[in-house]
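Take a look at the letters that make up each chain.
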Amino acid sequence: MSLTVVLVEPAGPLNLGSVARVCANFAVEDLRLVAPRCNPGDPDAQRMAVHGGQVLEHARQFPTLFEALSDCQRVVASCGRIEHGEIPLQAPEQVMPWVQQGLESAAQVALVFGREDRGLSNEELLLSQRVVRLHSTEAYPSLNLSHAVAVMLHELERVRRQPSGTTPQILECAETAEPTQLIDCLDDAEDLLLEAGFLLKHTARARMAKIKGLLQRSLVRPEELAMLRGMVRQLRWAIRCHRP
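Source: prediction; values computed, not measured.

## A short note on the overall build of the protein chain
Alright, step 1. Broken down by element type, the protein chain carries ten helices and six strands.
Alright, step 2. Taking 18 Å as the expected radius of gyration for a compact globule of 244 residues, we find that the protein chain reaches 19 Å, a close match to that expectation.
Alright, step 3. Expressed along its principal axes, the backbone C-alpha trace of the protein chain runs to roughly 70 × 45 × 35 Å.
Alright, step 4. Sequence-distant contacts, at least 24 apart, represent 85% of the contacts inside the protein chain between residues at least 6 apart.
Alright, step 5. A total accessible area of about 12800 Å² is found for the protein chain, and carbon and sulfur atoms account for 54% of it.

## Some remarks on the confidence of the model for the protein chain
Alright, step 1. Per-residue pLDDT for the protein chain averages 87, and the proportion of residues at 70 or more is 91%.
Alright, step 2. Mean pLDDT across the secondary structure elements of the protein chain bottoms out at helix α9 (residues 204-217), with 78, and peaks at strand β2 (residues 30-34), with 98.

## Some details on the packing of helix α8 (residues 179-196) against helix α10 (residues 222-241)
Alright, step 1. Running from N to C, α8 and α10 cross one another at 25°; their axes reach a closest spacing of 10 Å. For the element pair α8 / α10, the angle class is roughly parallel. Note that α8 runs across α10; the crossing there is left-handed. In this structure, α8 contributes Gln181, Leu182, Asp184, Cys185, Asp188, Ala189, Asp191, Leu192, Glu195 and Ala196 to the contact, and α10 contributes Leu225, Leu228, Arg229, Val232, Leu235, Arg236, Ile239 and Arg240.
Alright, step 2. When its residues are assigned to classes, the contact of α8 with α10 shows ten nonpolar, one polar and seven charged.

## Re the pairing of strand β1 (residues 2-8)
Alright, step 1. Of all seven residues in β1, six are buried; the element is thus mostly enclosed.
Alright, step 2. Alignment of β1 against strand β5 (residues 108-113), held across six bridges, turns out to be parallel. Directly across from Thr4, in β5, lies its bridge partner Ala110.
Alright, step 3. Handedness of the crossover joining β1 and β2 through helix α1 (residues 13-25) is recorded here as right-handed.

## A short note on the pattern of salt bridges
Alright, step 1. Scanning all chains against the criterion turns up 16 salt bridges.
Alright, step 2. Two residues, Arg115 and Glu9, come together in a salt bridge whose shortest N-O distance is 3.0 Å. In this pair, Arg115 is assigned in the loop between β5 and α6 (122-125) and Glu9 in the loop between β1 and α1, connecting sequence segments 106 residues apart.
Alright, step 3. The exposure class of Arg115 is buried, given its relative accessible area of 9%.
Alright, step 4. Exposure remark for Glu9: the relative accessible area of 19% places this residue in the buried category.

## Thoughts on the side chain of Glu124
Alright, step 1. Within the secondary structure, Glu124 sits in helix α6.
Alright, step 2. There is a polar contact of 2.8 Å between the side chain of Glu124 and the side chain of Arg115.
Alright, step 3. Beyond its immediate sequence surroundings of up to four residues, Glu124 is in contact with Val8, Leu65 and Arg115.

## Observations regarding a nonpolar patch on the surface
Alright, step 1. On the surface, Met227, Met231 and Leu235 cluster together into a nonpolar patch covering about 310 Å² of accessible area.
Alright, step 2. You can see Met227 is positioned in helix α10.
Alright, step 3. Taking relative accessible area as the criterion, Met227 reaches 51% and is therefore assigned exposed.

Thresholds applied
Residues numbered from 1 in each chain as written. Predicted model: local features only at pLDDT ≥ 70, side-chain atom pairs only at ≥ 80, totals over all residues. Heavy atoms only, no water. Helix = DSSP H or I, 4+ residues; strand = E, 2+ residues; numbered from the N terminus. Rg over C-alpha atoms; globule rule 2.2 N^0.38 Å. Contact = heavy atoms within 4.5 Å. Areas by Shrake-Rupley, 256 points an atom, 1.4 Å probe, with all protein chains shown as cover. pLDDT = per-residue confidence, 0-100. Axes fitted to C-alpha atoms, helices over the stretch in contact; angles between N-to-C directions. Parallel < 35°, antiparallel > 145°, perpendicular 65-115°, else oblique. Left-handed = near helix turned anticlockwise from the far one by under 90°. Nonpolar A, V, L, I, M, F, W, Y, C, P; charged D, E, K, R; others polar. Buried < 20%, exposed > 50% of the residue type's maximum accessible area, 1.4 Å probe, protein only. Pairing = 2+ DSSP bridges. Right-handed = clockwise from strand over helix to strand, strands pointing away. Salt bridge = Lys/Arg side-chain N within 4 Å of Asp/Glu carboxyl O. Polar contact = N/O pair within 3.5 Å; in protein donor to acceptor, adjacent residues only side chain to side chain. Patch = residues over 30% accessible without salt bridge, like charges linked within 9 Å, V, L, I, M, F, W, Y side chains within 5 Å.

So, in structure tokens, the structure goes:
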């Protein structure tokens, strides 16, 4: 199994070090940083990491979330924002059995956490197949970054330790297409739908966000994604060949 924790634009070295420590607490060795706004080598980060210093030292950096998730088959994002559009949110106890199933099947699984001040954008949330809302009050739903990571990893560990047969049944057993591959396909589809006149430039982003959310939640399989890509290419060829 392979689990990675992904932080998008972490800004505080104290938080970053604390996340590294939490990763060490739960035996997570793969920490990925997307465009970090603080230095992992900062003395405050090193001090807070304690025995998670190696996790911090080996953390990989990526310019975009898309690139950080390029090898991940299952992606779960954490969302504490009240305004998240129509993206459905689930409780951690609903999602973590699905995460654990992915780990048991040797999938690369990512838990994604957003910026300390504003979390993940809706566009970034759509790169995940599941979005988790942690149990907190409506008046102040956003947790500190390191606390959110700790809660998610603790919930996963709780699921992992449950006796066999006591976890909720998970129906999605088949291999699913990687979220980044699906986004690539939908970007091609968006260009085609604009060309065909189905989408208009001023509404395309909102309409495609709904399609992306639908397909991410449906857990499209690799062979199904290949069929979608084939349809897009064939339709583009047909449109261009029959254009006067």
